[in-house]
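Per-entry structural report
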Amino acid sequence: MNQSPYEIRKCLYCLKPKNHLLRKKKGFKSDFTKEHVMHDALLPREFTDAPTLVGRICGECNTNNFGNTIDRELTRSGYEGFQRYKAGIKPTSKLNELKQGGLGFGVQPPGMDEYIPANVIHKDDQGILTTKIEPFLLVYSRRQGKKIQIKLSDISTINSLAQKEDLDLEQFTFGTNGSEADDQKLISALKAQGIDILASISETQPSALLITEYAPSSEMIRALAKIAFNYFALICEKTEPSVPLMSDFDEIREFIKSGTEPAGVFFIMQGAGLLRGNVGDHSAVLKYSDDSSAPAVIVQVSIFNCFTYSFVLSRQPRSANFPEPQAHKWDLKKKRFGRIPLNLLIPTSER
Ligand SMILES: [Zn+2]
């Protein structure tokens, strides 16, 4: 008669025992909330079977410790935040929410061998995100013995800069990526400072705008580590759901919660995705290092298949009840989640 509708479970993150409501019942509330393994803000709205963890993460952790902090940081800044708009997951009308988050772009001006950092402007072009460089000039500084960059918005200071840097004002390289309209803006700005240029040599081959730098913040790395640990917990659901509660994982848990880093190298970021082919899907893989002198439980996560983030979840030897190595992807076109063969992944050595 008085059987409790609750089961006591420990939260994956705070490890506190809490009430899990086994099935919906009027007047009863669960302490646990549904957690998306991959943050749902990184998935298209119609994604049908995005995996979730039910009865594993308490409402307090979900909302206060993660949702309003590290999760928001990941989905609104850096490459992941930027790519949400590119992939059409986030409407470009909300571009004002996007933060730079350690993401840097570069261009290759004519006559230069290397990419140099460029300021970019993200614009809402009728619902499509377009990224343009802020026009700039390269001018030779006799003081520094090299060309230096002057952004369009800084041209108003060019005369004082010319004295300080001993600039060669006879030759300018236009960093406009082939846009004649931007050339004209630079010419006008120079004219306003009394420097007359009649014409620019237009670039025939504008260089591609590349991501040349990405240094995600500690908050973003914690949010990525949470995706990795959630993924591990998800695949443990089918074998032994209590495995992620083991003390083996206390260090990574602590990092996700507070930012205290585990001992040794526990995080590596690589500039290529996990999946073969140029697909922009999310993926994750569970691996083990069975080297007896350096055992490790490793989960790698790749968002939009651009960068790969590898996390050491534990340095303890793999127990018998741990799941086998495996990989999954969130297919953003088919809007389906599923297991994929390990040979669909790019070998680590090529990444
Ligand atoms: Zn909790």
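Residues numbered from 1 in each chain as written. Predicted model: local features only at pLDDT ≥ 70, side-chain atom pairs only at ≥ 80, totals over all residues.

Here's the deal with the sheet that holds strand β11 (residues 167-175)
The line we're drawing: By this definition, two strands are paired if DSSP reports at least two bridges between them. Note on conventions: DSSP H or I runs of at least 4 residues are helices, E runs of at least 2 residues are strands, and numbering of each starts at the N terminus. Only the contacting stretch of a helix is used when fitting its axis, a line to C-alpha atoms as for every element, and angles between N-to-C directions run 0 to 180 degrees. Residues are treated as contacting if the C-beta atoms built from their backbones sit within 7 Å of each other.
Strand order in the open sheet formed by three strands is β10-β9-β11, with antiparallel pairing between adjacent strands. The outermost strands of the open sheet, each flanked by one partner alone, are β10 (146-151) and β11. With direction set aside, neighbouring strand axes in the sheet form an average angle of 35°. Note: strand β9 (residues 136-141) against β11, six bridges, orientation antiparallel. Its bridge partner being in β11, Tyr140 is matched across the sheet by Asp168. Across the face of the sheet, helix α3 (residues 158-165) comes into contact with β9, β10 and β11 while running at roughly 120° to β11.

What about the sheet that holds strand β16 (residues 307-314)?
The antiparallel open sheet is built from six strands, whose spatial order is β13-β16-β15-β14-β17-β18. Among the strands making up the open sheet, the edge pair consists of β13 (267-270) and β18 (336-340). Going across the sheet, the axis of each strand differs from the next one's by a mean of 20°, ignoring polarity. Relative to strand β17 (residues 326-331), strand β14 (residues 282-289) runs antiparallel, the two being bridged by five bridges. Bridging from a neighbouring strand, Ala284 pairs with His328 of β17. With respect to the sheet, helix α5 (residues 218-236) is in contact with β13, β14, β15 (296-303), β16 and β17, its orientation differing from that of β15 by roughly 115°.

Overview of the domain arrangement of the protein
The test is simple: Where each domain begins and ends is defined by an automated method or by a domain database.
Structurally, the protein comprises domain 1 (6-74 + 215-350) and domain 2 (103-212). Each of domain 1 and domain 2 was reduced to a C-alpha centroid, and the two centroids are 43 Å apart.

Observations regarding the pairing of strand β8 (residues 128-133)
Across six bridges, the pairing between strand β7 (residues 120-125) and β8 is antiparallel. Residue His122 lies in a different strand from β8, and its bridge partner there is Thr131. Hairpin connection, β7 to β8: the antiparallel pair is bridged by two residues, and Gln126 has positive phi, about 50°.

Points about unusual backbone geometry
Put simply, the test is: Exposure criterion: with C-beta atoms placed from backbone coordinates, a residue whose C-beta has 20 or more other C-beta atoms within 10 Å is buried, one with 12 or fewer is exposed, and one in between is partly exposed.
Despite not being glycine, Phe304 shows a phi value in the positive range, around 60°. For Phe304, the position within the fold is in the loop between β15 and β16. Not every positive phi belongs to a glycine, and Asn305 is a case in point at roughly 55°. In this fold, Asn305 is placed in the loop between β15 and β16. C-beta crowding within 10 Å serves as the criterion here: with 22 such atoms nearby, Asn305 is assigned to the buried category.

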